[in-house]
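One letter stands for each residue in the lines below.
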Amino acid sequence: MTDFLPLEHLVAACHWIGAKGWAPATGGNMSVRQGAEYCLLSASGKDKGNLTRDDFIQVEIATNLVPSGRKPSAETGLHTLIYRLFPQAGAVLHTHTVNSTVLSRVEKGNALLLSGYEMQKTLAGQDTHLNTVAIPVFDNDQDIDALAQRIEAFAADMPLQYGFLLRGHGLTCWGKDVNEARRHLEGLEFLFECELQRRLLEAK
Ligand SMILES: CSC[C@@H](O)[C@@H](O)C(=O)COP(=O)(O)O
Ligand SMILES: [Zn+2]
């Protein structure tokens, strides 16, 4: 695995996420696609800001089976769902930030609507602040299989793009490669902070 450049990029992304404080106290998980059948997922329960290559575990996308018998993320089923839904997805990042945790609770509906922000253009395919970008919000669940099934059913009617929020939990986002997933994470996090502050100020 030493020559697998996307994994090097992912390890660097994990360190960046840790330095940002977006994966506190072992929260968060990260993965990268390894061909059509497998992905490499962060080990469960580790400090994601300090991961090394050896902390990534191969998982079969179709089955969630782990050839090594090691223990990947408790949220493996959400990563493999993204890789199954989107053959072009190359990396998935899940973070626990204050903005995503709070905003996903304040928003009572099933989507966070973002419009009027120039930074929407950090999201692939968005070219104007005049669009409305809907980020789905799913109620959190400790049963990851059930949660993945709920998300998959939603996606059958309304294709997912960029990422989704888990209420009171955090953001899961992806991209065609680690760089794009990082840009989506940073862009969405910026937008969440703006939206939270806008709601706070306009409520006064
Ligand atoms: C630190 S509690 C958070 C976990 O329950 C989970 O939501 C999480 O993001 C990290 O789980 P992990 O199994 O380490 O990938
Ligand atoms: Zn989590």
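Residues numbered from 1 in each chain as written. Chains lettered and ligands numbered in written order. Predicted model: local features only at pLDDT ≥ 70, side-chain atom pairs only at ≥ 80, totals over all residues. Heavy atoms only, no water.

An unreviewed UniProt entry lists the protein under the name Methylthioribulose-1-phosphate dehydratase, from Candidatus Pantoea formicae. Under the UniProt heading Function (unreviewed entry), the note attached to the protein is "Catalyzes the dehydration of methylthioribulose-1-phosphate (MTRu-1-P) into 2,3-diketo-5-methylthiopentyl-1-phosphate (DK-MTP-1-P)." (UniProt positions renumbered as here; feature names shortened; annotations may be inferred.)

Time to look at the sheet that holds strand S4 (residues 91-95). The sheet built from eight strands is open, its strands ordered S3-S2-S1-S4-S8-S7-S6-S5 with mixed pairing. Either end of the sheet is taken by a strand with one partner, and the two such strands are strand S3 (56-60) and strand S5 (111-115). Pairwise comparison of adjacent strand axes, ignoring direction, gives a mean angle of 20° for this sheet. Pairing between S5 and strand S6 (residues 132-138): five bridges, direction antiparallel. By the bridge assignment, Leu113 is partnered in S6 with Ala134. Against the sheet, helix H3 (residues 98-106) touches S4, S5, S6, strand S7 (163-166) and strand S8 (170-175), its axis set at about 75° to S7. With respect to the sheet, helix H4 (residues 144-157) is in contact with S6 and S7, its orientation differing from that of S6 by roughly 150°. (Pairing = 2+ DSSP bridges. Helix = DSSP H or I, 4+ residues; strand = E, 2+ residues; numbered from the N terminus. Axes fitted to C-alpha atoms, helices over the stretch in contact; angles between N-to-C directions. Contact = heavy atoms within 4.5 Å.)

By secondary structure assignment, the location of Val11 is in helix H1 (residues 5-20). Under the relative-accessibility criterion, Val11 is labelled buried at 11%. Here the alpha-carbon distance between Val11 and Gln197, two residues 186 residues apart in the chain, equals 31 Å. Among residues more than four places away in sequence, those in contact with Val11 are Leu51, Thr52, Arg53 and Phe56. (Buried < 20%, exposed > 50% of the residue type's maximum accessible area, 1.4 Å probe, protein only.)

The coordination sphere of the zinc ion (ligand 2) contains the protein donors Glu75 (OE), His94 (NE2), His96 (NE2) and His169 (NE2), at a distance range of 2.1 to 2.8 Å. In this structure, the zinc ion (ligand 2) is coordinated by six donor atoms arranged in octahedral fashion, with angles at the metal of 73 to 166°. Of note, the zinc ion (ligand 2) draws all its donor residues from one chain, in the sequence arrangement E-x18-H-x1-H-x72-H. Residue His94 is found in strand S4, and its partner His169 is found in the loop between S7 and S8; the two are separated by 75 residues along the sequence. The residues His94 and His169 share a single accessibility class, namely buried. (Donors = N, O, S within 2.8 Å, 3.2 Å for Na, K, Ca; no water. Tetrahedral: all angles 85-135°; square planar, octahedral: opposite > 155°, others 65-115°.)

Okay, the pattern of salt bridges next. All told, the structure shown has 12 salt bridges when counted by the stated rule. The closest approach of N and O atoms between Lys46 and Asp55, which form a salt bridge, is 2.9 Å. What makes Asp55 buried here is its relative accessible area of 9%. Here Glu195 ties to Arg199 by a salt bridge, and the two come within 3.0 Å at their closest N and O atoms. With a gap of four residues between them, Glu195 and Arg199 both fall in helix H5 (residues 178-202), about one helical turn apart. (Salt bridge = Lys/Arg side-chain N within 4 Å of Asp/Glu carboxyl O.)

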